[in-house]
Amino acid sequence: MDEKINQLRKHAEELREKILRASDLYYNHDAPEISDFEYDAMFDELKKLEAEYPELDKEDSPTHRVGGVASAKFEKVVHPVKMGSLTDVFNEEDLMAFVKKSTEALISAGYSKDDILYSVEPKIDGLSISVTYTDGKLTMGATRGDGNVGENVTDNIMTISGIPHKLPDPLNLTVRGEAYMPKDVFERLNSIKEENGEKLLANPRNAAAGALRRLDASETAAAHLSVFVFNYQTGNLWTEERQPLTHAETIARIKELGFSTIDIHAIVKTPEEAVEAIREIGEKRFSLPYDIDGAVIKVNTLAQRNTLGENPSTPKWAVAFKYPPEKKETRLLKIETNVGRTGVLTPLAILEPVRLAGTTVSKATLHNIDIIRQKDIRVGDMVVVQKAGEIIPEIVSSVKEKRNGTEQIFNFPETCPSCGEKLFYDNDDEGGAIRCQNPSCPAQLERRIIHFASRDAMNIDGMGPAVVRDLIENGLISKVEDIYSLKKEDILTLPNKGQKSADNLIAAIEKSKARGAARLLYAFGIRHIGYETAEALTQKFGSLDSFIGIDSDKLMTLEDIGEVKAASLISFFGQPETAALISHLKSLGLVTESETNGNGSLADEKLAGLTFVLTGTLPTMTRGEATELIKSHGGKTAGSVSKKTDYVLAGDDAGSKLTKAGELGIKIIYETTFLKMLEE
Ligand SMILES: [Zn+2]
C-alpha cells in the first residue's frame, strides 16, 4: 500500500511539474508546447488523484489556483451572478454517463422521461464576458476574472460586433457570452506581424484576451472581435411579467434583442443522441470560421437545472466535452535546414500537404536534432502530425510499421546550406545546436539585418523581412552599415516601392541614428546579449568604443555578465571588423555614446534608487521601451523578484513573478501608474 501511495505521489508531482511548465510556456512565453486537450486532461487527472487520495494533495498544487485574476489596471466588478465553469469530459463514455445520471436524478425527482431534454452546442474557444443593461442601455461589460470578480472593460466590449449598445425594450438584464477573434482576422493580423518581423500571435484565444484587455478601446476595435452570447444570467428578458422556461427559449429571445447568439446544434434526449450530436459538431469544427475547443451539453429546462443544483465549483446540469486535437498521417518528404541570425541551423520538416485542423499543412517544426533522434524520425517516413495550439504543427511520431526500408536517417549537412562553410556542433545551448560560424554568411546577414531593424533594436519602420530580402537580393545591402548609405533612388528600384514609401523609409532610417548606444549594441545581435544586458553594459561602460579590447574581468564586474556572456562579447569585439563597423557607424552620424537615451533627451533622476521587475505584456510599450524609460529616469531593472525589488511593473498574462511579488509584499503597479510616476 505504501509502495502504491509513493508511486502515486510521484505521479502527482510529475503532473504538477508538467502543468506548471505548460502554463508558464503558455502565459509567459506565448509558446505552448502541448495541446490544450493534453493540458486539460492532465489537470483533470491530477484533480481526481487529489480528490481520491487527500494525502497526496498539496496546498500549492496548480489545481487550487483560481482560473484568472482581475488586473488592477481595470476597475473591479462583482458579477451579479457567478460566472462559473463547467466540468470537462474527455470521452464519449463519460458524456453518456453524465446524461444517464442526470436523467435518472430528474426522474427520481418526479419529472417524466419525455420532458428531460438536453441542448448541445459548440463551445467557442474565446474569452468569457458578461454584459449588463440598465433600462435597455449597455451600462457594464466585464471580463470573467475569477468568476466572482472581473474587470470593467465596458468601452472595449462596446467595440465588439454582435453586442447591441441599446436594446429594443427598456430591460434590466445581464447576459454572458464568449468573445472571440474570427480565424480570418487572426490570420490577417499574423500576416501583418510576419511582414513587420514581429512575434506571431500563438492562437486566436490569446489574441482575443490581449485585445479585450487594452487600456485604449481603439486598439480593441482594431482586433475586430466577435461574440456568441450563450446564457441569460439574470434580470428580465421581457417587459411584461414573464419568465423563460427553457434554455432554448432564452437564446431565441436574446437573439431577438439583437445579440449574436450561439447556435444550439441539437436538442437531444438520450446518451446516444448526445454522442451523435457532439460527433456532428466535431466533424465540422475545422470548417467553422472560429475556433471551438469542445461542445457543451446542458439540461434545457431551467427548473430542472435548479433541481439538479451545483457541485462546489461547477453546475451538475452541464458538462463540456473536449475534442482531442486532430491528428493526421502524412509523408515526410525531406528535412530542410534554415540558418538563423546567430548561425544556428534549425531543421524544418517538409510534408506531403495534408488538411489538418482546417488548414493545409506542408511544414512542421522539428525543434532540434536531438528530438529527431529521440522520436526516430526518418526522411520518407509516414509521420503523425498535430496542431497543438500553435500555428505550425508538430510531428508527434513516425509510423515505424509503415517503413519499407528506403527511409533515410537524417544527418545535418557538413557545410552551411547558405555559405558552404564548415558547421560546428555546439553544446552550450539546450538540446545541442549545429552552427555556422562564418560572419559573412548570407542567410545570417538577412536574419541579422531583420533583427537590426526590428522594433526593440533600431526600430526602422518599414524595414521588415520582405524589404530586407529585396534589398539584399538587389545587391543594395551586403552588410549592416549599408543601411545608412541607402538613397531614395536605390529604394525606388525595389518592387512595390513608390515615392512616398521610399521617402518614409529614408526618414525612418535617418531617425534610427539617434536610438542610442544600448539599442545599437543590442541590434548587433551578439549571442546571449539581450536588450537589458546591452542597456546595463552601455550604462556602465559609456561608449561602444570602450568594449574594443575589453577583458572578461572588467565585463564580469557587472552583475548581469557571467562567463558565457563575457566570452560572447569578447569574441564579437575582438574581431577587427567590429572596430571598423563602429567607427563607420559613428562617421555616419549614429549615436554610440550612452549619455543620451534613445529619445535624445537627457536623463532625469525621478526613479533613482528604485528597482523594477517587468512581467507580462504591457499595453502600449515593449519591455525594451519600458526598460529604457526606467533607466533613463535613473531607475534599475532586475530579472527576478526579490526583497530588493521596489516595484513589479505588470502587464497582461503576468505569471509567477506576480505571485512572488505578492508573497514578498512587493508593490505591483501597472502601466498607467508607472507613466504617472514619470510625469510627477
Ligand atoms: Zn553559413
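This one's a predicted model, so the numbers in the text were calculated from it and none came from an experiment.

**Topic: the coordination of the zinc ion**
The coordination sphere of the zinc ion contains the protein donors C416 (SG), C419 (SG), C436 (SG) and C441 (SG), at a distance range of 2.2 to 2.4 Å. Coordination at the zinc ion is tetrahedral, judged from the four donor atoms that bind it and the angles of 98 to 118° they form at the metal. Ordering the donors of the zinc ion by residue number gives the pattern C-x2-C-x16-C-x4-C. Residue C436 shares its accessibility class with C441, and that shared class is buried.

**Brief notes about the domain arrangement of the chain**
Its domain assignment divides the chain into domain 1 (2-64), domain 2 (76-322), domain 3 (327-426), domain 4 (442-587) and domain 5 (611-679). The distance between the C-alpha centroids of domain 1 and domain 2 comes to 27 Å.

**Regarding the packing of helix α12 (residues 442-453) against helix α13 (residues 465-473)**
Helix-helix packing is characterised by the crossing angle of the two axes and by the distance between the axes. Interhelical geometry of α12 versus α13 gives an angle of 135° and a closest axis separation of 9 Å. The angle between α12 and α13 places the two elements in the oblique class. Between α12 and α13 lies a crossing of right-handed hand. Here L445, E446, I449 and I450 of α12 come into contact with α13, specifically with P465, V468, R469 and I472. Of the residues contributing to the contact of α12 with α13, the split by class is six nonpolar, no polar and two charged.

**Concerning helix α9 (residues 271-284)**
Taking 1.5 Å as the rise per residue, α9 with 14 residues should run 20 Å; its terminal C-alpha atoms sit 21 Å apart, in good agreement. All of the buried residues along α9 are P271, A274, V275, A277, I278, I281 and G282. One side of α9 holds all its buried residues, which, seen down the axis, span an arc of 160°.

**Some thoughts on the nonpolar core**
Counting 51 residues, the largest nonpolar core has I460, M463, F524 and L537 as its most contacted members. When residues of this core are traced back to their parent elements, those giving at least two are α12, α13, α15 (499-512), α16 (517-523), α17 (531-541), α19 (563-574) and α20 (576-587). Per element, the largest residue contribution to this core is six residues, and it comes from α16. Among all residues touching F524, those that are not within four sequence positions of it are R448, F452, L544, F572, L581, I582 and L585. Listed in part, the 34 residues of the second largest apolar core include I160, V175, V227 and F259.

**Section: the sheet that holds strand β23 (residues 647-650)**
An order of β22-β21-β23-β24 is seen for the four strands of this open sheet, with the pairing classed as parallel. The open sheet is flanked by β22 (636-638) and β24 (667-669), the only strands paired with a single partner. The mean angle between the axes of side-by-side strands here comes to 35°, regardless of whether they run parallel or antiparallel. Across three bridges, the pairing between β23 and β24 is parallel. By the bridge assignment for β24, Y647 is matched with K667.

The rules we used
Residues numbered from 1 in each chain as written. Predicted model: local features only at pLDDT ≥ 70, side-chain atom pairs only at ≥ 80, totals over all residues. Heavy atoms only, no water. Donors = N, O, S within 2.8 Å, 3.2 Å for Na, K, Ca; no water. Tetrahedral: all angles 85-135°; square planar, octahedral: opposite > 155°, others 65-115°. Buried < 20%, exposed > 50% of the residue type's maximum accessible area, 1.4 Å probe, protein only. Domains from an automatic or database assignment. Axes fitted to C-alpha atoms, helices over the stretch in contact; angles between N-to-C directions. Helix = DSSP H or I, 4+ residues; strand = E, 2+ residues; numbered from the N terminus. Parallel < 35°, antiparallel > 145°, perpendicular 65-115°, else oblique. Left-handed = near helix turned anticlockwise from the far one by under 90°. Contact = heavy atoms within 4.5 Å. Nonpolar A, V, L, I, M, F, W, Y, C, P; charged D, E, K, R; others polar. Expected span 1.5 Å × (residues − 1). Arc of directions from axis to C-beta. Core = buried A, V, L, I, M, F, W, Y, C linked by side-chain atoms within 4.5 Å. Pairing = 2+ DSSP bridges.

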